[in-house]
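The primary structure of each chain is shown beneath.
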Amino acid sequence: MPLLRYSPPPYSLPPSAAPRCPGSLLRSPGANISTTPPRGPSTAVLAANRVVLGCGLVTLDYLATVDAYPRPDDKIRSGELQISGGGNAGNALTAAARLGLNTRLISKVANDEIGGTVLSELKEAGIDVSHVIISNGGNTTFVYVIIDKTTKTRTCIITSGYPQMVPSDLSMSNLSAALQDVNLLYLDGYSHEMALAVAKQADLMKIPILVDAEPERTKTELESLLGVASYIVCSGKFPEKWTSISSIPSALLEILLQYPHAKFVIATLGEKGCMMLEQIEDGDDPGVGAADIKNVAESLQVKAHNDDSLPTCVSSKFMRLSSRGIGTIFGRVLIGTAERIPASELVDTTGCGDAFIGAVLHGLSTEMPPEKMLPFACQVASNAERSGRAPACRGNLIHAWLNSSVSNSENSGKGKRKGVD
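Quantities reported herein were computed from a predicted structural model and do not represent experimental measurements.

Draft legend 1. Spotlight on the overall build of the protein chain. Scanning the protein chain for helices and strands turns up 13 helices and 18 strands. Within the protein chain, the proportion of its 421 residues that are buried is 52%. By sequence separation, contacts in the protein chain at least 24 residues apart represent 72% of the contacts at least 6 residues apart. Entry remark: accessible area of the protein chain is about 18,600 Å², with carbon and sulfur atoms responsible for 51%.

Draft legend 2. Seen up close, the sheet that holds strand 2 (residues 59–66). Overall, mixed pairing links the four strands, which are arranged 3-2-8-9 in an open sheet. Pairing within the sheet leaves two strands with one partner each, and these edge strands are strand 3 (80–86) and strand 9 (153–159). Taken pair by pair, the neighbouring strands of this sheet meet at an average axis angle of 20°, ignoring direction. Of the strand pairs in this sheet, strand 2 and strand 8 (residues 142–148) are connected by seven bridges, and their pairing is parallel. Looking at strand 8, one finds that L60 is bridged to F142. In the packing of helix 4 (residues 113–124) onto the sheet, the strands contacted are strand 2, strand 3 and strand 8, and the crossing angle to strand 2 comes to about 90°.

Draft legend 3. The packing of aromatic side chains, seen in detail. Under the defined criterion, the tally for this structure stands at five aromatic pairs. Aromatic pair Y62 and Y144: ring centres 5.7 Å apart, planes at 40°, arrangement tilted. Pair noted here: Y62 is in strand 2 and Y144 is in strand 8, with a separation of 82 residues, a long-range link. With a relative accessible area of 42%, Y144 lands in the partly exposed category. Consider the rings of Y231 and F264, whose centres lie 4.9 Å apart with planes at 40°: the pair is tilted. In this pair, Y231 is assigned in strand 12 (residues 231–235) and F264 in strand 13 (residues 264–268), connecting sequence segments 33 residues apart.

Draft legend 4. Main features of the nonpolar core. Of all hydrophobic cores here, the largest spans 51 residues; its most connected members are I106, L187, V198, L226, L277 and V333. If near-sequence neighbours (up to four positions away) are discounted, V198 is found in contact with L53, C55, I106, L175, L179 and L185. Counting 47 residues, the second largest nonpolar core, distinct from the first, contains L101, L184, Y231 and I266.

Draft legend 5. Summary view of the packing of helix 9 (residues 248–258) against helix 10 (residues 293–304). Following both chains from N to C, one finds helix 9 and helix 10 inclined at 125°, their axes separated by 8 Å at the closest point. When the axes of helix 9 and helix 10 are compared, the pair comes out oblique. As for the relative orientation of helix 9 and helix 10, their crossing is right-handed in sense. Residues P249, S250 and L253 of helix 9 form the contact with helix 10, whose own contacting residues are I293, K294 and A297. Grouping the amino acids of the contact of helix 9 with helix 10 by side-chain chemistry returns four nonpolar, one polar and one charged.

Draft legend 6. Region of interest: the packing of helix 3 (residues 88–98) against helix 11 (residues 352–365). Following both chains from N to C, one finds helix 3 and helix 11 inclined at 45°, their axes separated by 7 Å at the closest point. Considering their axes alone, helix 3 and helix 11 lie oblique with respect to each other. The handedness of the crossing between helix 3 and helix 11 comes out as right-handed. Residues N88, N91, A92, A95 and A96 of helix 3 lie in contact with helix 11, whose contacting residues are D354, A355, I357, G358 and L361.

Draft legend 7. The arrangement of the pairing of strand 13 in detail. With respect to burial, strand 13 is a largely interior element, five of its five residues being buried. By the alternation rule, side chains of strand 13 split into F264, I266 and T268 and V265 and A267, which are all buried. Sheet topology places strand 12 next to strand 13; five bridges connect them, and they run parallel. Bridging from a neighbouring strand, V233 pairs with I266 of strand 13.

Draft legend 8. A look at the confidence of the model for the protein chain. For the protein chain, per-residue confidence averages 80 on the pLDDT scale, and 76% of positions sit at 70 or higher. The low-confidence segment residues 386–421 (pLDDT under 50) makes 76 contacts with residues lying over four places distant or belonging to another chain.

Draft legend 9. Up close: the side chain of T337. Within the element layout of this structure, T337 appears in the loop between strand 18 (327–336) and helix 11. Looking at T337, its side chain comes within polar contact range of the main-chain nitrogen of T312, at 2.8 Å.

Draft legend 10. Quick peek at helix 7 (residues 219–228). Within helix 7, burial applies to L222, L225, L226 and V228. Projected down its long axis, helix 7 shows its buried positions confined to an angular sector of 155°, all on one face. Buried positions along helix 7 lie against strand 10 (184–187), helix 6 (192–204), strand 11 (209–213), strand 12 and helix 8 (238–243).

Conventions used here
Residues numbered from 1 in each chain as written. Predicted model: local features only at pLDDT ≥ 70, side-chain atom pairs only at ≥ 80, totals over all residues. Heavy atoms only, no water. Helix = DSSP H or I, 4+ residues; strand = E, 2+ residues; numbered from the N terminus. Buried < 20%, exposed > 50% of the residue type's maximum accessible area, 1.4 Å probe, protein only. Contact = heavy atoms within 4.5 Å. Areas by Shrake-Rupley, 256 points an atom, 1.4 Å probe, with all protein chains shown as cover. Pairing = 2+ DSSP bridges. Axes fitted to C-alpha atoms, helices over the stretch in contact; angles between N-to-C directions. Phe/Tyr/Trp six-rings, centres within 6.5 Å; stacked < 30°, edge-to-face > 60°. Core = buried A, V, L, I, M, F, W, Y, C linked by side-chain atoms within 4.5 Å. Parallel < 35°, antiparallel > 145°, perpendicular 65-115°, else oblique. Left-handed = near helix turned anticlockwise from the far one by under 90°. Nonpolar A, V, L, I, M, F, W, Y, C, P; charged D, E, K, R; others polar. pLDDT = per-residue confidence, 0-100. Polar contact = N/O pair within 3.5 Å; in protein donor to acceptor, adjacent residues only side chain to side chain. Arc of directions from axis to C-beta.

And the structure:
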């Protein structure tokens, strides 16, 4: 393998406003997304005028590809080594910025070479890093990522940054400046004390909040954040871990009952796409019987099986949904399908969830209905799974899908999206 020589750029303090210009990207979510607005001019203008603030983790990642994960005491050779910015907040905001949103970040790095490199990549991605805290001393978070070519999985070994981000790092005046003109707040659950401080102020300002609920986070770290969440996105492992309910539809129902402030919860399901439970306050008729949410979800999953090459969405009617021993809400279930990716193009799932969230941030900011937002997010996430070849073609694929499936369905009610009316 040729030796990879790595020379970080010289460290410098970021300017107060980062330029929105093309450049190197943070990992695969941004690398596969063109800077061209994903829909028509009106949507591009709408996206550019929407400010999304993210608060959470940024890292520098060392990604080594191996033929197979090593056994204990093995010595193996890597086939490829990449060094790239990462972290949940960094990746998600990069995807959102590449989709045209005006993005802003609260995070923390050290004044070391790694921190300078991370800030440089964030700025090149078009993210405003003027509110990133820079510690005098310590170290920036970095991660070793081992990508197994055989199983298409990855193993992450994280070295946490020090000192950690805490609320006292950000004065009230700086927090107010960071939240000025913000339309949507994104929290990845890291540095939960800081995240909660930002969330409480955003809640007072009536700013909607999207929380990324990772299964690695503890009850203490997430409980208060979910209490103020307007939207919740989680992996398929989270619902059962949080509720001890094995059925994902029933677990999602329990989550919305626990946190009624949330308008929806989405669980990402890998190659199976995603499942969304949306609730609304109006329209509940107590005289109408409730449908079992597991039966509704199963019927949608049957309808969702298709041969379409691009993601689609199926949806139930708005109805009373219940699960025995849990409770009832008025809402609907939506199933988004994932793109079928040839094995030759699949690398691993690193960053796919962050790319999905970046697309959801875009969808919410541009008022995209869930029926269109879910397949769009699945398409963006699938691009993060692919190999690093021909990124422009994959970017064009997103725009082609949006133009043919989303825009046409607005005009004619047709397209690749399926629905149950």
